[in-house]
Amino acid sequence: MKSTTNTIKLLLLLMFTAVFSIHAQEIIEDKQDIAATEEAENTKTDSTNAFNPVKVDGVAGVVGDFIVLNSDIDKEFLQLQASGVDTKDITRCQLFGKLLENKLYAHHAIQDSILVSDAEVRNNVEYQVQQFLQQVNGDMNRLLKIYNKESEESLREEMFKTNKDMMLAQRMQAKVIEEVEITPEEVRQFFNKIPKDERPSFGTELKVAQIVVEPKVSEEEKQRIINQLKQFKADVEENGASFRSKVILYGQDPGIKQSGYKYTLNRKKPRMVKEFREAAFSLQEGEVSEPFESDFGFHIVYCEKIRGQEYDVSHVLLIPEVSDEAKLEAKEKIEKVRQQIVDGEITFEEAAREISDDDVTKYDGGKLINPETQDYNFELTRMDPELYSQIQDLKEGEVSQVVAETDRSNKLKFKILTVSDRIEDHDADYATDFLKIKELALNEKKIKAIENWQAEKIDDTYIKITGDMRDCEFSSNWLKK
């Protein structure tokens, strides 16, 4: 069990932290150029006749059409450390093996015609550049110095190559495991094969319920926002005004700036809320939608470019203002309900069904669903810090004071919470912890599927390990012994 858990952690850690790395891992595009510029020779002989002999300098390994340089391993270590990862227990051979895996995935993603659009990669690069700049107070020159680049263009170019390789690898891995499922019988067998003294233990778990009341936006305020968006639309369509200027000057979407004031949507890969997608995909190039409402506020969307299934769009988001009177009314309403629950006039579950504005939980008596496990149990040590701070001092059945918070769409809400059940620390029980055990069993099955896929593809793919790296003890048969 411990070995399986550690394997999962290492797999996920290296896979996802590598997305943010910036190092030279290039597709071999011109073998003659490589042969002409490299000083040391390592002749490759491919049993499948995929390559002619080439000369490569500083190459630690070759997988299909991809190479891993010795310097890539060093840079990967530095990047992991810069990301806060403790690398003292990660060996050079382990990291090299992970880089080989990534290249194997990327190579076969191309063979299987798995696509990653340039627009997606650019969006990812733009996001990363903005994140990196935040770490150096917006100083691009300092950032270029850290990553030893002469220009922003060369930095972005290298990031583009690295990101595309990683995105290909991730999608290939996702394809390998997307159809892996597990039956209740397999879960039972997985659990029974774990020795009793090695079975996992689970910390204290709570069941939490909530009642939410939102201050209401007046119809007059909604109409004011709609009229303003209609004016923007008319100014763009009739007067030739710049839509981008409207976004910059008036838009209230906090995330659109870092994406270059536009989003790329794909019909086959849902992104954004339903109302936004429906409006965007109904447009032709150059069109502006009518105002529409979502959970985030009111929008108009502009379609910049259509490339098959992909749409480059921008939007102006305006968030209606809630009056002080509406805020006071909502707070007084939930305070009154809290007192009625405390006085025993109504149960928490009944009050949730009657007045809660949270459609996700109200019909289930206000009970929250753990997004990780999809059940009602929240492990205390893994609970969201904000939720933990709201219920940490509650005894079972006790009702919290009124809490004011803003949600992901920046809406003000008032809520009360209760702990409806508490399960103390315990060793894994098949019936009680079935969903958690199922997740562990499914992860193990996915890892086996990946291992089987790797073993098969390693046999079928040109692979060359050179120099000192041939002395590594790999978990996979990279040396084809």
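Read on for a plain summary of the structure. This structure is a prediction, so every number in the text was calculated from the model and none was measured.

### As for the overall build of the protein chain
Move 1: The helix and strand inventory of the protein chain stands at 15 helices and 13 strands.
Move 2: Evaluated residue by residue, the protein chain yields a buried proportion of 44% over its 481 residues.
Move 3: As displayed, the protein chain offers around 26600 Å² of accessible surface, 46% of which is attributable to carbon and sulfur atoms.

### Observations regarding the sheet that holds strand E2 (residues 66-69)
Move 1: Spatial strand order, E2-E1-E13: three strands in an open sheet with antiparallel pairing. Both edges of this open sheet fall to E2 and strand E13 (463-465), since each of them pairs with a single strand only. Mean inter-strand twist for the sheet, computed between neighbouring axes without regard to direction, equals 15°.
Move 2: One ladder, built from three bridges, connects strand E1 (residues 59-63) with E13; its direction is antiparallel. Following the sheet pairing, valine 62 is matched in E13 by lysine 464.

### Quick word on the pairing of strand E10 (residues 403-406)
Successive side chains on a regular strand alternate, one facing one side of the sheet and the next facing the other.
Move 1: Every second residue of E10 is oriented toward a common face, the buried set being Val403 and Glu405 and the non-buried set Ala404 and Thr406.
Move 2: For E10 and strand E11 (residues 412-423), the ladder comprises four bridges, and the chain directions are antiparallel. Its bridge partner being in E11, glutamate 405 is matched across the sheet by lysine 413.

### Notes on the sheet that holds E11
Move 1: Taken in spatial order, the four strands make up an open sheet running E9-E4-E11-E10, and their pairing is antiparallel. Two strands close off the open sheet at either side, each with one partner strand: strand E9 (377-379) and E10. Sheet twist, expressed as the mean angle between neighbouring strand axes with direction ignored, is 50°.
Move 2: Strand contacts of helix H12 (residues 324-342): strand E4 (205-213) and E11, with the helix running at about 25° to E11, the strand carrying the most contacts.

### Some points on helix H11 (residues 274-281)
Move 1: The set of residues buried in H11 consists of Phe276, Ala279, Ala280 and Phe281.
Move 2: On its buried side, H11 packs onto strand E5 (263-266), strand E6 (292-294), strand E7 (297-307) and strand E8 (310-318).

### Regarding unusual backbone geometry
Move 1: A positive phi angle, close to 60°, is found at serine 113, a residue other than glycine.
Move 2: Looking at the element boundaries, serine 113 is found in the loop between helix H4 (92-111) and helix H5 (118-135).
Move 3: Phi angles above zero are rare outside glycine, and tyrosine 261 is one such case at about 65°.
Move 4: Assignment of secondary structure puts tyrosine 261 in the loop between helix H10 (243-250) and E5.
Move 5: Judged by its relative accessible area of 15%, tyrosine 261 is buried.

### Let's talk about the packing of H5 against helix H7 (residues 152-177)
Move 1: With their axes 9 Å apart at the nearest point, H5 and H7 run at an angle of 120° to one another. What the angle tells us is that H5 and H7 run oblique. As for how H5 packs across H7, the hand of that crossing is right-handed. Between H5, through Asp118, Glu120, Val121, Arg122, Asn124, Val125, Glu126, Gln128, Val129 and Phe132, and H7, the contact on the second element is made entirely by Arg156, Met159, Phe160, Asn163, Lys164, Met167 and Arg171.

### Details of the packing of aromatic side chains
Move 1: As enumerated under the stated definition, the model contains eight aromatic pairs in all.
Move 2: Pairwise contacts between aromatic rings join Phe191, Tyr430 and Phe434 into one cluster.
Move 3: The ring of tyrosine 376 carries the charged tip of lysine 367 above its face, separated from the ring centre by 4.4 Å.
Move 4: In this structure, lysine 436 is placed above the aromatic ring of phenylalanine 202, and the distance from its NZ or CZ to the ring centre is 5.5 Å.

### What about the packing of H7 against helix H15 (residues 434-460)?
Move 1: At a minimum axis separation of 9 Å, H7 and H15 run at an interaxial angle of 115°. As the angle between them shows, H7 and H15 are arranged roughly perpendicular. For the element pair H7 and H15, the recorded crossing hand is right-handed. Contacts from Met172, Gln173, Val176 and Ile177 in H7 reach Lys446, Ala449, Ile450 and Trp453 in H15.
Move 2: A per-class count over the contact of H7 with H15 returns six nonpolar, one polar and one charged.

### Describing the environment of asparagine 141
Move 1: Of note, asparagine 141 is situated in helix H6 (residues 140-146).
Move 2: Through-space distance from the C-alpha of asparagine 141 to that of glutamate 152 is 8.5 Å; in sequence the pair is 11 residues apart.

### Remarks on the nonpolar core
Move 1: Counting 57 residues, the largest nonpolar core has Phe96, Leu100, Ile465 and Trp478 as the members making the most contacts within it.
Move 2: When near neighbours in sequence (up to four residues on either side) are disregarded, phenylalanine 96 contacts Ala60, Gly61, Val68, Ile73, Ile465, Met469 and Phe474.
Move 3: Ala280, Leu283, Cys303 and Val316 belong to the second-largest nonpolar core, a separate cluster that totals 26 residues.

### What to know about the state of the cysteines
Move 1: One pass over the full model with this rule turns up one disulfide.
Move 2: Two residues, cysteine 93 and cysteine 472, share a disulfide whose sulfurs are 1.9 Å apart. Between cysteine 93 and cysteine 472, the S-S torsion sits near -75°, and that sign places the bridge as left-handed. Highlighted residues: cysteine 93 in helix H4 and cysteine 472 in the segment after E13, separated in sequence by 379 residues.

The rules behind these values
Residues numbered from 1 in each chain as written. Predicted model: local features only at pLDDT ≥ 70, side-chain atom pairs only at ≥ 80, totals over all residues. Heavy atoms only, no water. Helix = DSSP H or I, 4+ residues; strand = E, 2+ residues; numbered from the N terminus. Buried < 20%, exposed > 50% of the residue type's maximum accessible area, 1.4 Å probe, protein only. Areas by Shrake-Rupley, 256 points an atom, 1.4 Å probe, with all protein chains shown as cover. Pairing = 2+ DSSP bridges. Axes fitted to C-alpha atoms, helices over the stretch in contact; angles between N-to-C directions. Contact = heavy atoms within 4.5 Å. Parallel < 35°, antiparallel > 145°, perpendicular 65-115°, else oblique. Left-handed = near helix turned anticlockwise from the far one by under 90°. Phe/Tyr/Trp six-rings, centres within 6.5 Å; stacked < 30°, edge-to-face > 60°. Lys NZ or Arg CZ within 6 Å of the ring centre and 35° of its normal. Nonpolar A, V, L, I, M, F, W, Y, C, P; charged D, E, K, R; others polar. Core = buried A, V, L, I, M, F, W, Y, C linked by side-chain atoms within 4.5 Å. Disulfide = S-S within 2.5 Å.

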